[in-house]
Amino acid sequence: MGLFSSHPLGQTCLLLCFLSFPANGSQIWEGNGRVISGVGQGGSVKLRLEIEGEQVRSLSGPPLAGKIFRNPRLNGAIKTPTGNWQIEECDKDLCVNLQQYHPKQIVFYRLQMQK
């Protein structure tokens, strides 16, 4: 048995370390956006996404759940009841363009992968 697996403090440490990381294979992207037209034009907003394989969901910000393509870069569009999302990798960042229906606005986000 290893040192961590046999000692209660070690087990607790391993459990906390395990729980602090996202699910296996998922990536967390987070960053700021700007309302470029419509209601609140010029305003600043935040978005946090989780991407696992080709599945994308928002952890904060407007609701999003859908599938995009990875070939090998992330690239695609997702249509939801709240709006149309365009997602693509821009260098090391993730560029997200949202055309939201209610309130009617266009928002551009630039997200960074969280480590």
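Everything that follows concerns the structure shown earlier in this document.
Criteria and thresholds
Here, residues in each chain are numbered from 1, in the same order as that chain's written sequence. Where totals are concerned, whole chains, interfaces and linings use all residues; where local detail is concerned, this predicted model gives features only for residues with pLDDT of at least 70, and gives and counts side-chain atom pairs only at 80 or more. With hydrogens and water stripped out, all remaining heavy atoms of the structure feed into the side-chain values. To sort residues, take the accessible area from a 1.4 Å probe on protein chains only and compare it with the maximum for the residue type: under 20% means buried, over 50% means exposed, and anything in between is partly exposed. Here a helix means four or more residues in a row that DSSP labels H or I, a strand means two or more in a row labelled E, and each is numbered from the N terminus. Strands were regarded as paired on the criterion that DSSP finds at least two bridges between them. In what follows, residue pairs with any heavy atoms lying within 4.5 Å of each other are defined as contacts.

A.B. asks: Please give an account of the pairing of strand β8 (residues 93-100) that cites residues and values.
C.D. replies: When you tally the buried positions in β8, you get six out of eight residues, the bulk of the element. As judged from the eight bridges shared by strand β7 (residues 83-90) and β8, these two strands associate in the antiparallel manner. Paired with E89 across the bridge in β8 is L94. The sheet contact formed by β8 and strand β9 (residues 105-113) spans eight bridges and is antiparallel. Within β9, the residue paired with D93 across the bridge is Q112. Between β8 and β9, which pair antiparallel and follow one another directly, the connecting turn spans four residues.

A.B. asks: Let's hear about the environment of I106: which residues, and what values?
C.D. replies: Among the secondary structure elements, I106 is positioned in strand β9. C-alpha of I106 to C-alpha of Q41: the two residues are 65 residues apart in sequence and 8.6 Å apart in space. Every residue in contact with I106, bar those within four places of it in the chain, is listed here: R34, V35, I36, S37, N97, L98 and Q99.

A.B. asks: An account of unusual backbone geometry is needed here, citing residue identities and associated values.
C.D. replies: Omega for the bond connecting H102 with P103 falls within 30 degrees of zero, at 0°, which places this linkage in the cis form. Relative to the assigned elements, P103 resides in the loop between β8 and β9.

A.B. asks: Lay out the side chain of Q100 with the relevant residues and their values.
C.D. replies: The topology assignment puts Q100 in strand β8. Using a relative accessible area of 12% as the deciding quantity, one classes Q100 as buried. Every residue in contact with Q100, bar those within four places of it in the chain, is listed here: P62, T82, G83 and Q105.

A.B. asks: Run through the pairing of strand β1 (residues 26-38), naming residues and quoting values.
C.D. replies: Across a regular strand the side chains alternate sides, sitting on one face of the sheet and then on the other. With nine bridges connecting them, β1 and strand β2 (residues 44-52) associate as antiparallel partners. For I28, the partnering residue across the bridge sits in β2 and is E50. Where β1 hands over to β2, the hairpin turn is made up of five residues, of which G40 adopts a positive phi near 80°. Bridge count for β1 against β9 is nine bridges, and the pairing is antiparallel. Its bridge partner lying in β9, G31 is registered against L111.

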